[in-house]
Amino acid sequence: MILAGFFASALFLGLLVGDWMYFIRLTPDAVRYGCRVAKRPDQWPKTELSAVRERFTPNGVLMLPHGVAWFYPELSQIAIRPQYRFFSRRFRTAWPVKGLIHLSPHDQALGALCVKRIPWSSALITFMWFALVSIGSLAFIVQYAMEGGFASLGGTLVGISIIGLAGLVLTFGLVTLALSYRLEDTRLMTVYDELRDTLASPVSS
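Predicted model, so just to flag it, every value in this text is computed and none were measured. (Residues numbered from 1 in each chain as written. Predicted model: local features only at pLDDT ≥ 70, side-chain atom pairs only at ≥ 80, totals over all residues. Heavy atoms only, no water.)

Chemist: Can you walk me through the overall build of the chain in this structure?
Modeler: Looking only at helices and strands, the chain has four helices and six strands in total. Order of helices (α) and strands (β) in the chain, N terminus to C terminus: α-β-α-β-β-β-β-β-α-α. Relative to the globule expectation of 17 Å for 205 residues, the C-alpha radius of gyration of the chain, 23 Å, shows a markedly less compact shape. With the C-alpha coordinates of the chain rotated into their principal frame, the extents come out at 80 × 45 × 30 Å. Here the chain holds 205 residues, and the buried ones make up 37% of them. When the accessible area of the chain is evaluated, it comes to approximately 12,900 Å², of which 69% is carbon and sulfur surface. Distance between charge centroids for the chain: 4 Å, based on 19 positive and 13 negative side chains. (Helix = DSSP H or I, 4+ residues; strand = E, 2+ residues; numbered from the N terminus. Rg over C-alpha atoms; globule rule 2.2 N^0.38 Å. Buried < 20%, exposed > 50% of the residue type's maximum accessible area, 1.4 Å probe, protein only. Areas by Shrake-Rupley, 256 points an atom, 1.4 Å probe, with all protein chains shown as cover. Lys, Arg positive; Asp, Glu negative; His and termini not counted. Charge placed at Lys NZ, Arg CZ, Asp CG, Glu CD.)

Spelled out as structure tokens, the structure:
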């Protein structure tokens, strides 16, 4: 039984690491991988699609101060993500964000729709945690009420305390999720702004 639990834990950890490793790749097969969480429409003035290619290497890569961009000319798309280092001193959360920018030419501007994604493992684990806490707390309260827990003043106070504790746990989880996503989204938008400024600046001879 212990051995089965060990292999299950190792398999789960391997799937988690594999999901993250595939998520941070910017290859054509992995660029659309991840759970879509948001999108940001934008306009890049004085930027032409034909001039975008000049900013990238022959392999389509552009290194930025805080991240990397990968251009796919046949799809008119640019994938971006912050730099991820395993031994970085920067704090990392469980919800890293990457973006895929869809480009569309307009009059004297370039339309850019940035689709943001997080790893599937992060999305699924977060959903399972909230579902487990919510359903577990609700089931306990219903069972507590059916057993007459709210029949007395003392039991009612205990029930209210349990409800308050469950609400506190859920609130803490929501705050943690919101702050973590905001931090990772800020890092992605920093890379996005660096890319936008680089493409808008004149090409040096």
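Chemist: Explanation requested: the packing of aromatic side chains in the structure shown.
Modeler: Geometrically, a pair of aromatic rings is defined through the distance of the ring centres and the angle of the planes. Going through the model one piece at a time under the given rule, you end up with six aromatic pairs. A ring pair is formed by Trp-129 and Phe-130, whose centres lie 5.0 Å apart and whose planes are at 85°; its orientation type is edge-to-face. Judged by relative accessible area, Trp-129 falls into the partly exposed class, the value being 36%. A centroid spacing of 5.3 Å and a plane angle of 85° characterise the contact between Tyr-144 and Phe-150, whose relative ring orientation is edge-to-face. Owing to a relative accessible area of 31%, Phe-150 belongs among the partly exposed residues under this scheme. An aromatic cluster of at least three residues, connected via ring pairs, comprises Phe-140, Tyr-144 and Phe-150. For Lys-98, the ring lying beneath its charged end belongs to Phe-23, and the centroid distance is 4.7 Å. (Phe/Tyr/Trp six-rings, centres within 6.5 Å; stacked < 30°, edge-to-face > 60°. Lys NZ or Arg CZ within 6 Å of the ring centre and 35° of its normal.)

Chemist: Would you mind going over the environment of Pro-45 with me for this structure?
Modeler: Take Pro-45: it is sitting in strand β1 (residues 35-45). A relative accessible area of 46% places Pro-45 in the partly exposed class. Every residue in contact with Pro-45, bar those within four places of it in the chain, is listed here: Gln-108, Ala-109 and Arg-196. (Contact = heavy atoms within 4.5 Å.)

Chemist: Which parts of the structure should I look at to understand a nonpolar patch on the surface?
Modeler: A cluster of nonpolar side chains, namely Trp-120, Leu-124, Phe-127 and Met-128, defines an oily patch on the protein surface of about 470 Å² accessible area. Within the element layout of this structure, Met-128 appears in helix α3 (residues 120-146). (Patch = residues over 30% accessible without salt bridge, like charges linked within 9 Å, V, L, I, M, F, W, Y side chains within 5 Å. Salt bridge = Lys/Arg side-chain N within 4 Å of Asp/Glu carboxyl O.)

Functional significance is not addressed by these values, which are geometric in nature.
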